[in-house]
Every structure is written in structure tokens, then in C-alpha cells.
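Below are the chains, spelled out letter by letter.
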Amino acid sequence: MFKILSYLLLIFLSAQCFAQIEDSRPLITTVGTAIVYAAPDQIVFSYELSETKDNASAARAALTEESKKVLNILASHKISSKHIQTKFMNIDIVYPDRRGNLIGPRKIMASQIVEVCVIDMNRYEGLVDALIESGVETIQGPLFRNTNIKNYKDKARVKAIVAAKQKAIIYAEALNQSIGNAYTIEENFMPQRNNNQGGYISSVENLGASADDDWSFAAGQLKVSASVIVSFHLMDR
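Residues numbered from 1 in each chain as written. Predicted model: local features only at pLDDT ≥ 70, side-chain atom pairs only at ≥ 80, totals over all residues. Heavy atoms only, no water.

## Notes on the side chain of S46
(1) Moving on: Structurally, S46 can be placed in strand β2 (residues 42-53).
(2) Moving on: For S46, a relative accessible area of 12% puts it in the buried group.
(3) Moving on: Excluding its chain neighbours within four sequence positions, the residues that come into contact with S46 are I113, V114, E115, T138, I139 and Q140. (Helix = DSSP H or I, 4+ residues; strand = E, 2+ residues; numbered from the N terminus. Buried < 20%, exposed > 50% of the residue type's maximum accessible area, 1.4 Å probe, protein only. Contact = heavy atoms within 4.5 Å.)

## Quick word on helix α2 (residues 56-76)
(1) Moving on: For α2, with 21 residues, the first-to-last C-alpha span of 30 Å sits near the 30 Å given by 1.5 Å per residue.
(2) Moving on: When we look at burial in α2, the residues that qualify are A59, A62, L63, E66, S67, V70, I73 and L74. Buried residues of α2, viewed axially, fall in a sector of 135°; they line one side. Looking at α2, the residues exposed on the side facing more than 90 degrees away from the buried face are E65 and N72.
(3) Moving on: The secondary structure elements touched by the buried residues of α2 are β2, β3 (84-94), β4 (107-118) and α3 (124-134).
(4) Moving on: Between a side-chain oxygen at the N-terminus of α2 and the backbone nitrogen of S57 the separation is 3.3 Å; the capping residue is N55.
(5) Moving on: Positive phi appears at K78, one or two residues downstream of α2, with a value of about 65°. (Expected span 1.5 Å × (residues − 1). Arc of directions from axis to C-beta. Polar contact = N/O pair within 3.5 Å; in protein donor to acceptor, adjacent residues only side chain to side chain.)

## With respect to the pairing of strand β8 (residues 222-236)
(1) Moving on: Along β8, 11 of the 15 residues are buried, which leaves the element largely enclosed by surrounding structure.
(2) Moving on: One ladder, built from 12 bridges, connects strand β1 (residues 27-38) with β8; its direction is antiparallel. Paired with L27 across the two strands is H233, which belongs to β8.
(3) Moving on: The sheet contact formed by strand β6 (residues 177-187) and β8 spans eight bridges and is antiparallel. From the neighbouring strand, E187 faces β8, where its bridge partner is V228. (Pairing = 2+ DSSP bridges.)

## What about the packing of aromatic side chains?
(1) Moving on: Across all of its chains, the model carries one aromatic pair by this definition.
(2) Moving on: Between the aromatic rings of F45 and Y124, the centroid separation amounts to 5.7 Å while the plane-to-plane angle is 70°, which identifies the pairing as edge-to-face. Note that F45 is positioned in strand β2 and Y124 in helix α3, a separation of 79 residues in sequence.
(3) Moving on: Look at F45 and you get buried, because its relative accessible area is 1%.
(4) Moving on: Given a relative accessible area of 7%, Y124 falls into the buried group. (Phe/Tyr/Trp six-rings, centres within 6.5 Å; stacked < 30°, edge-to-face > 60°.)

Here it is as C-alpha cells:
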């Protein structure tokens, strides 16, 4: 029994020594960055409706009627109900005095903000025109999104790893050395403007490329970036 325990202890100590040798080997650490581009395949925008009446019931009823009219316009432009989402609803007290003083009869304003996802991007301009003509005064957007953004993000990560390795090779060769296997890999989260992609977070921004002949706005491309920090073993030749 004592021999078995001694043998196991020897194996454990040998493994610890090997790990220490591995950890003591010199490293070279580089940062790799990459960018890939994705054409947007959806457009997201939002519109706001509001109605002001003498009481809350009348304001809500008027807003409901106005909302139904707008929803009919969306349906006529082939926008599915699953691509329409109410983001915000509110009822406010409105006073004649902008400072909020109780002067004169108060009013009640009911309002809502609705987000719309346009799958067929060619319908966007005609839809916005129809909404404006119907009396919608506030339209925010557009935001562009790509439904396969995760795949583009993965491609950017792979390119970033390759860039980090190529940089490490250049540095090592300048020292008349070479690199071994990767020791650590860490994703480097860079601060960047976020386009939101209409409801979920992603590292995407609109580049505003040139527009097609039939469009009066530029859909552009989405820039998908990735950055990694990689440490390689530094080897003697």
C-alpha cells in the first residue's frame, strides 16, 4: 500500500513540475482584429401616435381608432402582425401652462410607440410615405439588420484569430524565433457604436454605402467586427 501511495505521489509531483515548466516558457501576446461586411435584409423603424382629449377614456378611444387606421395601412403593405410590436404606451396629464401649474382645464394625452420590421426592404419607402400621408407625425429610423448576423460574427472571429497569429509570426521572426501552440485566447470587447438591430444587441453599425438607383436612401452595409487577444509560446529556432 505504501508503495502505491509513493508511486501516485511521484506521478503527481512530476505533473506539477511539468506544468511549472510549461508556465515558465516565454510567451508572445498579440491582438488580432477583423471586420466583415453584411448586406442588410430587414429594416426596423418606429412610429408614434398621440391623442389629447378632455378625459382618459376619450383619449384612449381616439388613440385606438388612430392605431387601427395605421395598422390597416401596414397590412395593406404586406406587413405581418408578428412584425409589429408596441414598445411604449403612456397616459399623461397636459396643462395649458407648460410649467405644470394648475391653470385652466387640464387635458389627457394618450400616446404609444410602435416598432415595425419590414422584411421586404423595397416596401419601406412606400410604407413611410403612406404613414405620413395618413397623419403620422413622428417616424424614427430606419435601423438595418441582418438575420444571419451571428454567422458574420463568427467569420470575423476566425479572421481575428488569423490576424493575431500572423502578427505573432512577424514579431517572432524579427527576433529570429518562431511561435508554438496558442497558450491563451481571450475575446477583446471593443467599445463601438451599437445599431441595436431592432430589439437585440449586436456589434453592428451602418456604413451608409451608395444607394441603388430606385432608392432615395442608402441601405449601405453592416460592419461586423471582432477582436481577440492571443498568447503563443515563443520558441527558439
